[in-house]
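Chain by chain, the residues:
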Amino acid sequence: MAKGGKGLLVLVIVIVVLGAGLVGAGVFLLGGKKPSVPSKAILELDLERAIPETAPGSPFAAFSGEKPLTLRDVVDALEKAGDDPHVVGLAARVGAAPIGVAEIQEIRDAVKAFRAKKKFAVAYAETFGEFAPGNGAYYLATAFDEVWLQPSGDLGLNGLVGESPFLRGTLDKLGVKPEFGQRHEFKNAMNLYTETKFTDAHREATKVLLESIFAQMVKGIAEGRKMSEEEVRALVDRGPYLGPEALEAKLVDGLAYRDEV
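All figures in this text were calculated on a predicted structure; none of them were measured in a lab.

Caption draft 1: Layout of the sheet that holds strand β4 (residues 146–149). Strand order in the open sheet made by the five strands is β1-β2-β3-β4-β7, with parallel pairing throughout. Both edges of this open sheet fall to β1 (41–46) and β7 (254–255), since each of them pairs with a single strand only. When strand β3 (residues 120–125) meets β4, the two strands line up parallel, connected through four bridges. When the sheet's bridge partners are listed, Ala123 is paired in β4 with Val147. On top of the sheet, helix α3 (residues 101–115) reaches β2 (87–94) and β3; it is set at about 155 degrees to β2, its chief contact.

Dropping the structure here:
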C-alpha cells in the first residue's frame, strides 16, 4: 500500500475510534440515573481552589476531565441546598484559595442565607495564610457558624497592603516614550507606564480603596465572631497567630484535623 493510503487509513481509524468514544460517553451520560439525596445530608464545599466568575471559553476545557465550579455554581448550589429539606448542614474547606474580595462577599452572603434556613455551617482550614496573608480566607470563614483550624495551622490575620509596579524606568532604558491621555489625575491605570512611583492622587486612591475593603472585613469578622470592631482591629494589629494563639483569642472555635471536624 502506498504511504498516502496508509496515512489515510490511520486517519480514518482514529476518527472512528474517537467518534465511538464520544458516542459511548454520550450514552453513558444520558442513560445515567439522576443522583438522589439521602434523607439527611451534609453539603461539602471545597473553597480552596480558584472559583472563576465564568466557565472557561476554551473548547478544549471539556477534555480536561473536570468542570470547574464557577461563582454562579457555588451560589446556586447553596441556595438550592438551603431549600432542600434533606440537606441539614454545610461543611466547607477554606484556606489558600486565590479568591477576590468581591467573590468572597458573594459566597459569604450565600452562606449566611443558607444558615438563615436553620441549617448549620462549619468551616475548616489547614491554615489561613501559612506563607502569605490569610485575611480574605478568614473573612470568608467567619460567615460560618464555626471555624476550625488544623492544630499545626496558622492564622495570617495581619491587615492589607497595596502595591503597584511601575515600568517607566525600564521603558526609559529601552528608549521608549509612552504617550497616553488621562482624563483626570485619579484615572491612574496608565501610571504603570508613565510613572516611576506613586503620584499623590494614585496613592490616595489606593489608600482609600484599601481602607474601604479593610473596614468591610473588620465589620464582617466582628459580626461573625461576636466581637466589637475595635477588638477585631486590635487583633489584626497583633497578628499573625499560631493555632493555639488563634484559639485563645477566640478567632477560631477549635483545633482539629479534618476527619475530627
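Resuming the write-up.
Caption draft 2: Region of interest: the packing of helix α7 (residues 200–225) against helix α8 (residues 229–238). Viewed as axis vectors pointing N to C, α7 and α8 meet at an angle of 110 degrees, and their least axial separation amounts to 9 Å. Classified by the interaxial angle, the pair formed by α7 and α8 is roughly perpendicular. Crossing of α7 against α8: the hand is right-handed. Judged by residue contacts, Phe214, Ala215, Val218, Lys219, Ile221 and Ala222 of α7 engage Glu229, Val232, Arg233 and Val236 from α8. Its residues assigned to classes, the contact of α7 with α8 comprises seven nonpolar, no polar and three charged.

Caption draft 3: Broad picture of the side chain of His202. Tracing the backbone through its elements, the reader meets His202 in helix α7. Side chain to side chain, His202 and Asn191 meet in a polar contact 3.2 Å long. In contact with His202, not counting residues within four places along its chain, are Ser164, Phe166, Asn188 and Asn191.

Caption draft 4: Expanded view of unusual backbone geometry. At the junction of Gly239 and Pro240, the peptide bond is cis and its omega measures out at 5 degrees in the coordinates. Its location among the elements puts Pro240 in the loop between α8 and β6 (241–242). Positive phi, normally seen in glycine, also occurs at Lys226, with a value near 55 degrees. Considering the arrangement of structural elements, one finds Lys226 in the loop between α7 and α8. For Lys250, which is not a glycine, the phi torsion comes out positive at approximately 65 degrees.

Caption draft 5: Spotlight on the packing of aromatic side chains. Going through the model one piece at a time under the given rule, you end up with three aromatic pairs. Geometrically, the ring pair formed by Phe180 and Tyr193 is tilted, given 5.6 Å between the ring centres and 35 degrees between the ring planes. One end of the pair, Phe180, is in the loop between α5 (168–173) and α6 (191–194); the other, Tyr193, is in helix α6, and 13 residues separate them in sequence.

Caption draft 6: Examining the nonpolar core more closely. Counting 48 residues, the largest nonpolar core has Phe128, Leu155 and Leu251 as the members making the most contacts within it. With six residues, the top contributor of residues to this core is α7.

Caption draft 7: Just the pattern of salt bridges, in detail. Scanning the model with the defined rule gives 10 salt bridges in all. In this structure, Asp83 engages Lys117 in a salt bridge whose closest nitrogen and oxygen atoms are separated by 2.7 Å. Within this pair, whereas Asp83 is found in helix α2 (residues 71–83), its partner Lys117 is found in the loop between α3 and β3, the two being separated by 34 residues in sequence. In this structure, the salt-bridge partner of Glu211 is Lys207, at a minimum N-O distance of 2.6 Å. With a gap of four residues between them, Glu211 and Lys207 both fall in helix α7, about one helical turn apart. Residue Glu211 is classed as partly exposed on the basis of its relative accessible area, which comes to 42%. One connected set of salt bridges, linked through shared partners, spans Glu48, Arg93 and Glu126.

Reading the values: the criteria
Residues numbered from 1 in each chain as written. Predicted model: local features only at pLDDT ≥ 70, side-chain atom pairs only at ≥ 80, totals over all residues. Heavy atoms only, no water. Pairing = 2+ DSSP bridges. Helix = DSSP H or I, 4+ residues; strand = E, 2+ residues; numbered from the N terminus. Contact = heavy atoms within 4.5 Å. Axes fitted to C-alpha atoms, helices over the stretch in contact; angles between N-to-C directions. Parallel < 35°, antiparallel > 145°, perpendicular 65-115°, else oblique. Left-handed = near helix turned anticlockwise from the far one by under 90°. Nonpolar A, V, L, I, M, F, W, Y, C, P; charged D, E, K, R; others polar. Polar contact = N/O pair within 3.5 Å; in protein donor to acceptor, adjacent residues only side chain to side chain. Phe/Tyr/Trp six-rings, centres within 6.5 Å; stacked < 30°, edge-to-face > 60°. Core = buried A, V, L, I, M, F, W, Y, C linked by side-chain atoms within 4.5 Å. Buried < 20%, exposed > 50% of the residue type's maximum accessible area, 1.4 Å probe, protein only. Salt bridge = Lys/Arg side-chain N within 4 Å of Asp/Glu carboxyl O.

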